[in-house]
Each structure stands twice: as structure tokens, then as C-alpha cells.
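# Close look at the chain arrangement
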Amino acid sequence: MMSEDIIWHSHKIGLNERESQQAHKGCVLWFTGLSGSGKSTLADALEQALYQHSDSPIRTYLLDGDNLRHGLCRDLGFSEEDRHENIRRVGEVAKLMVDAGLIVLTAFISPYREDRQQVRSHFEQGRFIEIFVDTPLHICEARDPKGLYQKARRGEIKQFSGIDSPYERPVDPELHLDGTLSINKLTQQILIYLQQNQIYR
């Protein structure tokens, strides 16, 4: 419970001022999907494409699920309660980064719709873009880049999304991507969406 004595302090320089100095809007690109769906690979490829944008600099930052569990979320496990808290923390960090004018890319399974909706509720319309990387479970298992599915099937990992813990598919994401397509094709689809929605020029 937050103390009533803690009051938000408004600053003279805000998002509008920061965006006036750049050619893009601040927003969060929230990649969600099963482990092995290609979220992190796609987010990384997209950030590279934005970084190489020749017309004007695009300021980005990529928040990756495993990376944050090395620091900010290292005290959390994988219980349902800890998963909720993990996404809450990520949402708060993303919100601050968007306020700084960045395009923030996040790659998290984020299996619960309620958690994703809770994060979305903290952003203005058009600044939270949910990207569902829809890859069938059998393909994710075949890829199994970290060997996690094998461990989950052997019972060595408990509460693994898609195996013995639910993954709640997005109902109406801004982008619903076919995770069986190439990373290059998916990257281009996202870039087209960002341009059409005037996220960057």
C-alpha cells in the first residue's frame, strides 16, 4: 500500500517537449507469445531495423524477460503471483521510458490477459501496441532454443506456460503475427504498421 504522503511531482519538461526534438512518438511495443515463439528474436531484429533508419534517429530500448530477471526481477519466481508482479514492474519501467520519448520493445510471455490489460491501462491511446507472435505450440517445442520444453515435459520445470500453466491468447491485439513466417517478413509487417500509424516518419 502506497503512503498518502507520497505525491507525484510534475516537471517542466514532459513528453511533448521531448517528442518535439525527435521524429517519432514514444510508445511501447509489447511482444507476447509462448516461449520459443520468436518474440525476443523478432524484437531484436526490429530494434536493429529502427536503429538503422536512415532519415532520422529513432531512440529505442529493448526490455527482455530473461535479462530483467537477472536484476530488477531477480527476487521473483514463476508462481502466478510472481508472474503478475513481474509484468507489473516491467509495465512501470516501460511507462517511464515512454515518458522519456523512447520506443520501448518488450519481449515477455506475459501469459495473462489481465496483466497485459493492466499495463495497457497506464498508457494513452495508441502508445501501447500489443504484438502477438502466434506460433503453434508444437513448433515452439521443436525450436526449444533453451531446452525449457524438454525440462517442462520431464517435470523439472513447474508452471511452464503452454504446458502446465495457461497462456491466454490476446483477443484483439494491434498486430497478430504468424510466427511461422521469417523474421524478416515479420519485421517488415511491424515497420509498415508503425509508419501507417505515424509512430515514426
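These numbers come from a predicted model, not from an experiment.

### Quick word on helix 4 (residues 80–99)
Counted at 1.5 Å a residue, the expected span for helix 4 with its 20 residues is 28 Å, and the 29 Å between its end C-alpha atoms agrees. Looking at the packing, one finds that the buried side of helix 4 touches helix 1 (15–19), strand 1 (27–32), strand 2 (60–64), helix 3 (65–68), strand 3 (103–107) and helix 5 (113–120). At the C-terminal side of helix 4, G101 shows a positive phi close to 95 degrees.

### Points about the packing of helix 2 (residues 39–51) against helix 8 (residues 183–196)
For the pair helix 2 and helix 8, the least separation of the axes is 9 Å and the interaxial angle reads 55 degrees. The orientation of helix 2 with respect to helix 8, classified from their angle, is oblique. Considering only the axes of helix 2 and helix 8, their crossing is right-handed. When helix 2 is examined against helix 8, the residues T41, L42, A45, L46, A49 and L50 are found in contact with a partner set consisting of I183, L186, T187, I190, L191 and L194. When its residues are assigned to classes, the contact of helix 2 with helix 8 shows 10 nonpolar, two polar and no charged.

### Remarks on the packing of aromatic side chains
Inspection of the entire model under this criterion finds five aromatic pairs. The interplanar angle of 40 degrees and the centroid separation of 6.0 Å between the aromatic rings of F123 and F128 together place this pair among those described as tilted. Judged by its relative accessible area of 12%, F123 falls in the buried class. The structure contains a cluster of three or more aromatic residues connected by ring pairs, namely W30, F108, F123 and F128.

### Digging into the UniProt feature "active site" (unreviewed entry) in the protein
Sites flagged by UniProt as "active site" (unreviewed entry) map to S110. Residue placement: S110 occurs in the loop between strand 3 and helix 5. Its relative accessible area of 3% is what places S110 among the buried residues. Other than its neighbours up to four places away in sequence, S110 contacts W30, T32, I87, R116 and Y167. Polar contacts involving the side chain of S110 include one to the side chain of W30, which spans 3.0 Å.

### A word on the sheet that holds strand 4 (residues 128–134)
In spatial order, the strands read 2-3-1-4-5; together these five strands make up an open sheet with parallel pairing. Since the sheet does not close on itself, it has two edges, and those belong to strand 2 and strand 5 (175–178), each with one partner. Averaged over all pairs of adjacent strands, the angle between strand axes in this sheet comes to 20 degrees, irrespective of strand direction. Here strand 4 pairs with strand 5 via four bridges, running parallel. Across the sheet, V133 pairs through a bridge with L177, a residue of strand 5.

### Description of helix 2
When the terminal C-alpha atoms of helix 2 are compared, their 18 Å separation across 13 residues agrees well with the 18 Å that a helix rising 1.5 Å per residue should span. K39, L42, A43, A45, L46, E47 and L50 are the residues of helix 2 that are buried. As for helix 2, its buried residues are in contact with strand 1, strand 2, strand 3, strand 4, strand 5 and helix 8.

The rules behind each value
- Residues numbered from 1 in each chain as written.
- Predicted model: local features only at pLDDT ≥ 70, side-chain atom pairs only at ≥ 80, totals over all residues.
- Heavy atoms only, no water.
- Helix = DSSP H or I, 4+ residues; strand = E, 2+ residues; numbered from the N terminus.
- Expected span 1.5 Å × (residues − 1).
- Contact = heavy atoms within 4.5 Å.
- Axes fitted to C-alpha atoms, helices over the stretch in contact; angles between N-to-C directions.
- Parallel < 35°, antiparallel > 145°, perpendicular 65-115°, else oblique.
- Left-handed = near helix turned anticlockwise from the far one by under 90°.
- Nonpolar A, V, L, I, M, F, W, Y, C, P; charged D, E, K, R; others polar.
- Phe/Tyr/Trp six-rings, centres within 6.5 Å; stacked < 30°, edge-to-face > 60°.
- Buried < 20%, exposed > 50% of the residue type's maximum accessible area, 1.4 Å probe, protein only.
- UniProt positions renumbered as here; feature names shortened; annotations may be inferred.
- Polar contact = N/O pair within 3.5 Å; in protein donor to acceptor, adjacent residues only side chain to side chain.
- Pairing = 2+ DSSP bridges.

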